[in-house]
Amino acid sequence: MVAPVLFASPVRGETVVATIPLGTGPASPIASGIDVDPLSNLIFVADSANNVVVEIDGYTNTVAATSPTLDYYGPYGLAVNPQTHKIFVTDTDRYGHSTGLVSVLDEATLSRIATVGLAGNPTQVAVNPVTDRVYVEEFTGTAVDVIDGSTYSVLARISVSCAAGTDPSRCNSAGITVNPVTNKVYASFTTPTCCPSSGYTSVFAIDGSTNAVTANVTYADWLLASNRIPFGLATNSETNMLYAVSGPDISLYVQNSDSLHVIDASTMSIVTSIPLGQNNSTMGVGVDEATNRIYAGHGTVFVIDGTTNTVATTVPNIATIGVAVNPATSLIYVSGLGNSVMVVAGPSPSTHATRTIVACDPGSAAVNQAAQCAATVTDTTSSPTAPTGTVSFTSNSSGMFSPSSTCILNPASSSASSCTVSYSPNVGSEGGHRITGTYGADSTHFASRGSFSLAVTKRSTSTSVSCTGHSSRFTCTASVSDTSPGMPLTPTGNVSWTSSSTSRKSGFSPPSCTLSGTGPTASCTVSYTNPGKSTTVTITATDTGDASHFGSTGSTTLTT
């Protein structure tokens, strides 16, 4: 059992509460690729300066792990599927150079488990965790690729057309987001009219069931006046509102420049455009659905009240490119220029954040041996209450939970609750089993998830030897028994024999034997001959083990 641990909540009110250095390297832009897994409270950053994905622990605001080096141009867009624990990362630099690859990383290890090759240069990426579909914008291909998040096959390539009268050769990706409630995908592309002057951004609505473009909305923009860097698009699935950025038009002052556009996704029409001040090019944007606050900006983070569509406050001096929000904690993570991530605390959500810790006893078990796996769910807020509800357990390997894979929480303290299930690894599943417990939330507590790595081994054995006979002729039997806890398996395989006798005429017939039997013990028999003078010898039988058992050795002493 793991004792519940309390985590102090940060001071609230749109203030910077932490700066997290990501490592050394050139201070080139970190791509917009930053996303949060709210169930595990882990934040993942596409660090283009160092060509890795960085994992941040949301409980401590420290770097917890770093992936191996990725592809040639470096990570650009990034999205997490919290249901499958997978991270999808595109390989493209800020100028559109790319290997055409999307990497799939295991959230627990940050190791690459698959790559997907695309026809165009992949840039920004979004995931629908309900359908397990991954949507990738092509930088200059004016298309969105649809990937199956389980098989990693490309299911469709959806073409779009930028605004009439603009330069199609410079129609570039400008943000993508998914509303999992409506199964709609929204992708924005931006292009100038002809030359260094004003242009347009179009936001396209795509039906996730049919992969068809159903509508679009276009507004004047200046996003290509500077370097081709990523821009933001975000959705609030609770209100079905979209939030699209607009850059500054430094030469013509186009209407709606330096703005955040609020789009009604049901009609694909602009409800209002919120001015953010001249030369405040809005690059990153994120939504906190728990508080209905929108965070957008570049050099300053503007905090938008989603109810009134007005600027509630600002957080200055933050170089913003990517924005990710954890709705469980209402902490905002901002990536930008340089090798760091800024953490901004928003208002406390009405639902309490939790942390789930899973521990199994014993931490190493043999196949067919039951381990007791306990989940402890702790309210991590400053005014905690004990969570209620259930925890569902899963394994990434083969095994059985008992009495079921779900248990009901019982209070362990004023701030924590726990419950336990039994887990038995199946025969042939030796190796690491990742046991994951997911707390399903209640009316006042947010869902969370924790994992434990259970080491699964073969079953242990013991070998005993007995010999009967007289003079120089004996019959020797080796009995091999399964000694691990849990349901025993009948040992199989071969037993080899040796004797301490120095006589050349000493020997076994046959030199080895094959085990047979039922239940926890199997045996086999050989004949032993040791002609010559009377002497004391040691007879040793060595079981070589089998697919489910470790080997063992036994011996006996006899006088010939």
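Residues numbered from 1 in each chain as written. Predicted model: local features only at pLDDT ≥ 70, side-chain atom pairs only at ≥ 80, totals over all residues. Heavy atoms only, no water.

Looking only at helices and strands, the protein chain features 0 helices and 47 strands. Taking all 560 residues of the protein chain together, 54% fall into the buried category. Here the contacts in the protein chain between residues at least 6 apart in sequence split such that 54% fall between residues at least 24 apart. Just so you have it, the protein chain exposes about 21,500 Å², and 52% of that area is on carbon and sulfur atoms. (Helix = DSSP H or I, 4+ residues; strand = E, 2+ residues; numbered from the N terminus. Buried < 20%, exposed > 50% of the residue type's maximum accessible area, 1.4 Å probe, protein only. Contact = heavy atoms within 4.5 Å. Areas by Shrake-Rupley, 256 points an atom, 1.4 Å probe, with all protein chains shown as cover.)

What follows concerns the pairing of strand S20 (residues 259-264). Counted residue by residue, S20 has 6 buried out of 6 residues, so it is predominantly covered. Burial along S20 is two-sided: the residues Ser259, His261 and Ile263 and Leu260, Val262 and Asp264 are all buried. Both strand S19 (residues 241-246) and S20 contribute to a ladder of 6 bridges, which runs antiparallel. Among the inter-strand pairings, Ala244 is bridged to a residue of S20, identified as His261. Note that S20 and strand S21 (residues 269-275) share 6 bridges and pair antiparallel. Residue pairing in the sheet places Ser259 in a bridge with Pro275 of S21. The loop that links S20 with its antiparallel partner S21 comprises 4 residues; one of these, Met268, has a positive phi angle of about 50 degrees. (Pairing = 2+ DSSP bridges.)

Right, let's get into the environment of Val146. With respect to the helices and strands, Val146 occurs in strand S12 (residues 143-148). Judged by relative accessible area, which is 1%, Val146 ranks as buried. When the C-alpha positions of Val146 and Val125 are compared, they lie 10.0 Å apart, and in sequence the two are 21 residues distant. With residues near it in sequence (within four places) discarded, Val146 still touches Arg133, Val134, Tyr135, Ser153, Val154, Leu155, Ala156, Ile158 and Asn211.

Another point: the pattern of salt bridges. If you walk through the whole model with that rule in mind, you get 7 salt bridges. Asp148 is paired through a salt bridge with Arg133; the nearest N and O atoms lie 3.5 Å apart. Of the two residues, Asp148 sits in strand S12 while Arg133 sits in strand S11 (residues 133-138), which places them 15 residues apart along the sequence. You can call Asp148 buried: its relative accessible area is 13%. Linking Arg459 and Asp482 is a salt bridge whose minimum nitrogen-to-oxygen distance equals 2.6 Å. Taken together, the residues span a long stretch of sequence, with Arg459 in the loop between strand S38 (448-457) and strand S39 (461-470) and Asp482 in strand S40 (residues 473-482) at a distance of 23 residues. Among the residues examined, Asp482 registers a relative accessible area of 9% and is labelled buried. One connected set of salt bridges, linked through shared partners, spans Asp37, Glu107 and Arg449. (Salt bridge = Lys/Arg side-chain N within 4 Å of Asp/Glu carboxyl O.)

Our next topic: the state of the cysteines. Inspection of every chain in the model, using the stated rule, returns 4 disulfides. Between the sulfur atoms of Cys407 and its disulfide mate Cys419 the distance is 2.0 Å. A torsion of 50 degrees about the S-S bond marks the disulfide between Cys407 and Cys419 as right-handed. Of this pair, Cys407 sits in strand S34 (residues 406-408) while Cys419 sits in strand S36 (residues 416-425), and the two are 12 residues apart along the sequence. Accessibility assignment for this pair places Cys407 and Cys419 in one class, buried. (Disulfide = S-S within 2.5 Å.)

The next point concerns unusual backbone geometry. Along the chain, Asp361 connects to Pro362 via a cis peptide bond; the corresponding omega equals 0 degrees. Inspection of the secondary structure puts Pro362 in the loop between strand S29 (354-361) and strand S30 (364-366). Pro403 follows Ser402 through a cis peptide bond whose omega is 0 degrees. For Pro403, the position within the fold is in the loop between strand S33 (399-402) and S34. One non-glycine residue, Asn183, lies in the positive phi region at around 55 degrees. Tracing the backbone shows Asn183 in the loop between strand S14 (172-179) and strand S15 (184-192). The phi dihedral of Asn292 is positive, around 55 degrees, even though this residue is not glycine. Residue classification places Asn292 among the buried residues on the basis of a relative accessible area of 14%.

Bringing the side chain of Glu107 into the picture now. Positionally, Glu107 belongs in the loop between strand S8 (98-106) and strand S9 (112-117). Residue Glu107 is classed as buried on the basis of its relative accessible area, which comes to 5%. With residues up to four places along the chain from it excluded, the contact list for Glu107 reads Asp37, Ser40, Leu42, Phe44, Glu55, Val80, His85, Lys86, Ile87 and Arg449.

With that settled, consider the environment of Thr239. Locating Thr239 in the fold gives a position in the loop between strand S18 (233-236) and S19. What makes Thr239 partly exposed here is its relative accessible area of 35%. Counting along the chain gives 68 residues from Thr239 to Thr307, while the straight-line C-alpha distance between them is 9.5 Å.

The next thing to look at is the sheet that holds S18. Here 4 strands make up an open sheet; going across it, the order is S18-S19-S20-S21 and the pairing antiparallel. Every other strand in the sheet has two partners, leaving S18 and S21 as the edge strands with one partner each. Averaged over all neighbouring strand pairs, the angle between strand axes comes to 25 degrees, with direction disregarded. Where S18 lies against S19, 4 bridges are found, and the strand directions are antiparallel. Following the sheet pairing, Ala234 is matched in S19 by Tyr243. (Axes fitted to C-alpha atoms, helices over the stretch in contact; angles between N-to-C directions.)

This paragraph deals with the nonpolar core. Core analysis: the biggest nonpolar cluster contains 21 residues, and Cys373, Val391, Phe393, Ile435 and Leu454 have the highest contact counts within it. Counting only elements with at least two residues in this core, the list comes to S29, strand S31 (371-379), strand S32 (390-395), S36, strand S37 (431-439) and S38. Here the element with the most residues in this core is S31; it accounts for 4 residues. The next biggest cluster of nonpolar side chains, apart from the first, holds 18 residues, and it includes Phe474, Val495, Cys513 and Cys524. (Core = buried A, V, L, I, M, F, W, Y, C linked by side-chain atoms within 4.5 Å.)

Any pair of aromatic rings gets described here by the distance separating the centres and the angle formed by the planes. Following the criterion strictly, the structure yields 5 aromatic pairs and no others. Between the aromatic rings of Phe401 and Tyr423, the centroid separation amounts to 4.7 Å while the plane-to-plane angle is 45 degrees, which identifies the pairing as tilted. One end of the pair, Phe401, is in strand S33; the other, Tyr423, is in strand S36, and 22 residues separate them in sequence. Like Phe401, the residue Tyr423 is buried in the burial classification. Judged by centre distance (4.7 Å) and plane angle (35 degrees), the ring pair of Phe508 and Tyr528 falls under tilted. Taken as a pair, Phe508 in strand S42 (residues 507-509) and Tyr528 in strand S45 (residues 521-529) lie far apart in primary sequence, 20 residues in all. As far as burial versus exposure is concerned, Phe508 and Tyr528 are alike and both buried. Members of the aromatic cluster, connected to one another through ring pairs, are Phe393, Phe401 and Tyr423. For the cation-ring pair, Arg355 lies above Tyr59, with the distance from its terminal atom to the ring centre recorded as 4.1 Å. (Phe/Tyr/Trp six-rings, centres within 6.5 Å; stacked < 30°, edge-to-face > 60°. Lys NZ or Arg CZ within 6 Å of the ring centre and 35° of its normal.)

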